[in-house]
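Observations on chain architecture
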Amino acid sequence: MGELQHKARKKPVLQIKNLHKGFGDLEVLNGFNLTLFEGENLVMMGKSGSGKSVMIKCLVGLMEPDQGSIEVLGNDISTLARHEMDELRTEIGFLFQGSALYDSMTVRENLEFPLRRHTKKFDLKNTDALVHEALENVGLPNTINLMPAELSGGMQRRIALARALILQPKIILYDEPTTGLDPITSKEIIELMKTIQKKYNTSSLIITHDVDCARVISNRMILLLDGINYAEGTFEELSSSKDPKIMAFFK
Ligand SMILES: Nc1ncnc2c1ncn2[C@@H]1O[C@H](COP(=O)(O)OP(=O)(O)OP(=O)(O)O)[C@@H](O)[C@H]1O
Ligand SMILES: [Mg+2]
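From a predicted model like this one, the values you see are computed outputs, not experimental measurements.

The rules behind these values
- The residue numbering used here restarts from 1 in each chain and proceeds along that chain's sequence as written.
- Here chains are named by letter from A upward and ligands by number from 1 upward, in the order in which they appear as written.
- In keeping with the predicted nature of the model, local features appear solely for residues at pLDDT of at least 70, side-chain atom pairs appear and are counted solely at 80 or more, and the whole-chain, interface and lining totals rest on all residues.
- Numbering of helices and strands starts at the N terminus; helices are DSSP runs of H or I of at least 4 residues and strands are runs of E of at least 2.
- We compute the radius of gyration from the C-alpha atoms alone; for a globule the expected value is 2.2 Å times N to the 0.38, where N is the number of residues.
- Neighbour counting defines burial: a residue surrounded by 20 or more other C-beta atoms within 10 Å of its own C-beta is buried, one with 12 or fewer is exposed, and intermediate counts give partly exposed, using backbone-placed C-beta atoms.
- Whether two residues are in contact is decided by their C-beta atoms, placed from the backbone, lying within 7 Å.
- Using a C-beta atom placed from the backbone for every residue, we mark a residue as near a molecule or strand if that atom lies within 6 Å of it.
- When residue character is reported, Ala, Val, Leu, Ile, Met, Phe, Trp, Tyr, Cys and Pro are called nonpolar, Asp, Glu, Lys and Arg charged, and the others, Gly included, polar.
- To get an axis, fit a line to the C-alpha atoms, keeping to the stretch in contact for a helix; angles then go from 0 to 180 degrees between the N-to-C directions.
- Every angle not falling under 35 degrees, over 145, or within 65 to 115 is termed oblique; those three ranges are roughly parallel, roughly antiparallel and roughly perpendicular.
- Crossing handedness: left-handed means the near helix sits turned counterclockwise from the far one by under a right angle, and right-handed means the same turn made clockwise.
- At least two bridges found by DSSP between two strands is the condition for calling them paired.
- One nonpolar core equals one set of buried Ala, Val, Leu, Ile, Met, Phe, Trp, Tyr and Cys residues connected by C-beta atoms within 7 Å.
- Summary of the metric used: pLDDT quantifies the predictor's per-residue confidence within the range 0 to 100.

Scanning the protein from N- to C-terminus turns up 10 helices and 10 strands. Relative to the globule expectation of 18 Å for 251 residues, the C-alpha radius of gyration of the protein, 18 Å, shows essentially globular dimensions. Taken over the C-alpha atoms alone, the protein extends approximately 50 × 45 × 45 Å along its principal axes. For the protein, the proportion of its 251 residues judged to be buried stands at 35%.

Listed below in structure tokens is the structure:
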């Protein structure tokens, strides 16, 4: 099958077109475009302060764009009512930087939390089975009654990933999934992300500045620079670029 034919068959699950967002005189996003295809791992890199989090906030409806359109699973989010947006959010899993588990809740309670908030999508009778499946997926079935403080940093990240997956989202957003972890634990988390992607055919947008992580996990990459999608391509294409602005990302 030719490359073009292959591309044409892929379905976008996320489409951002001409996104503009600024704060007063500060133009953060200035005509940014992004497409995430079904089943792919798209890595996005951008300097600190370049607008990655602003983009994510626009994407999940926490911030309103100044201009541009955002489609999630075929829905133009500007046309959705609040409850419709809430429902759509159950299709998007988040892994926040630094895990962000609830310190005063056990692992079980942390995982049950999203389920209780979305009783519409999930029958609460199945909670136990879903919690166990999520813990099996991240290889930590025996932590169910522990508190976050009793877990190592790597284990906390795994539990956070289990929580992001528990609503069985079609899209996962990872914000710096390996930051703060040692190289071996980082590799384990990356392997886990790959395993999960294969098992559930999820589509992932991965924000990272970890070049090793990008090399291992990306099917495609996008570089955010000066408010736009400055460059896109495979890891090999971008990392061998002679453009000094692109080369700077791979140092
Ligand atoms: N609510 C806000 N009000 C005013 N300015 C904001 C707001 N949110 C973000 N900004 C500004 O927008 C710019 C982009 O911020 P953003 O948090 O998206 O950066 P980032 O790319 O996620 O950086 P990092 O890698 O450090 O997380 C920054 O200059 C920030 O100060
Ligand atoms: Mg950020």
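In this section: the environment of alanine 162. Structurally, the position occupied by alanine 162 is in helix 6 (residues 153-165). Each C-alpha atom of the pair alanine 162 and glycine 61 lies 23 Å from the other, and the pair is 101 residues apart in sequence. With residues up to four places along the chain from it excluded, the contact list for alanine 162 reads Leu111, Ala134, Leu135, Asn137 and Val138.

Attention now moves to the site of ligand 1. Contacts to ligand 1 come from Phe23, Val28, Gly46, Ser48, Gly49, Ser50, Gly51, Lys52, Ser53 and Val54. Ranked by the residues each element gives to the shell around ligand 1, the list is headed by helix 2 (residues 52-59), at 3 residues. Split by residue class, the shell around ligand 1 holds 3 nonpolar, 6 polar and 1 charged.

A separate point is the packing of helix 6 against helix 7 (residues 183-200). Relative placement of two packed helices is described by the angle separating their axes and the distance separating the axes. Between helix 6 and helix 7, the shortest axis-to-axis distance is 10 Å and the interhelical angle comes to 15 degrees. In terms of their interaxial angle, helix 6 and helix 7 are classed as roughly parallel. When the axes of helix 6 and helix 7 are compared, the crossing they make is right-handed. Only Thr185, Glu188, Ile189, Leu192 and Ile196 of helix 7 make contact with helix 6, whose side of the interface consists of Gly154, Arg157, Arg158, Leu161 and Leu165.

Here the focus is the sheet that holds strand 1 (residues 12-23). Strand order in the open sheet made by the 4 strands is 2-1-4-5, with antiparallel pairing throughout. Two strands in the sheet have a free side with no partner beyond their single neighbour: strand 2 (26-37) and strand 5 (75-76). In this sheet, strand 2 lies alongside strand 1 in antiparallel orientation, the contact comprising 9 bridges. Bridge pairing in strand 2 links proline 12 to phenylalanine 37.

Most of strand 7 (residues 171-175) sits inside the fold, with 4 of its 5 residues counted as buried. Relative to strand 7, strand 6 (residues 92-95) runs parallel, the two being bridged by 4 bridges. The residue of strand 7 that forms the bridge with phenylalanine 94 is leucine 173. As defined by bridge partners, strand 7 adjoins strand 8 (residues 203-207) across 5 bridges and the pair is classed as parallel. For isoleucine 172, the partnering residue across the bridge sits in strand 8 and is serine 204.

Now for the nonpolar core. Proteins that are soluble and globular tend to have nonpolar side chains buried together. Ranked by internal contacts, the top residues of the largest apolar core, which has 60 residues, are Val43, Met44, Ala134, Ala162, Ile166 and Ile206. Once residues lying within four places of it in the same chain are set aside, the contact partners of alanine 134 are Leu111, Ala162, Leu165 and Ile166.

Overall, the prediction assigns the protein a mean pLDDT of 91, with 94% of residues at 70 or greater. When the elements of the protein are averaged for pLDDT, helix 1 (residues 3-9) gives the smallest value, 56, and strand 9 (residues 220-225) the largest, 98.

Turning to the sheet that holds strand 7, a few remarks are in order. Overall, mixed pairing links the 6 strands, which are arranged 6-7-8-3-9-10 in an open sheet. A strand with exactly one partner marks an edge of an open sheet, and here the two such strands are strand 6 and strand 10 (228-233). The average angle at which neighbouring strand axes cross in this sheet is 20 degrees, direction not considered. The pairing of strand 3 (residues 41-46) with strand 8 spans 4 bridges and is classified as parallel. Its bridge partner lying in strand 8, methionine 44 is registered against isoleucine 207. Against the sheet, helix 6 makes contact with strand 6 and strand 7, and its axis sits at roughly 165 degrees relative to strand 6, the strand it touches most.

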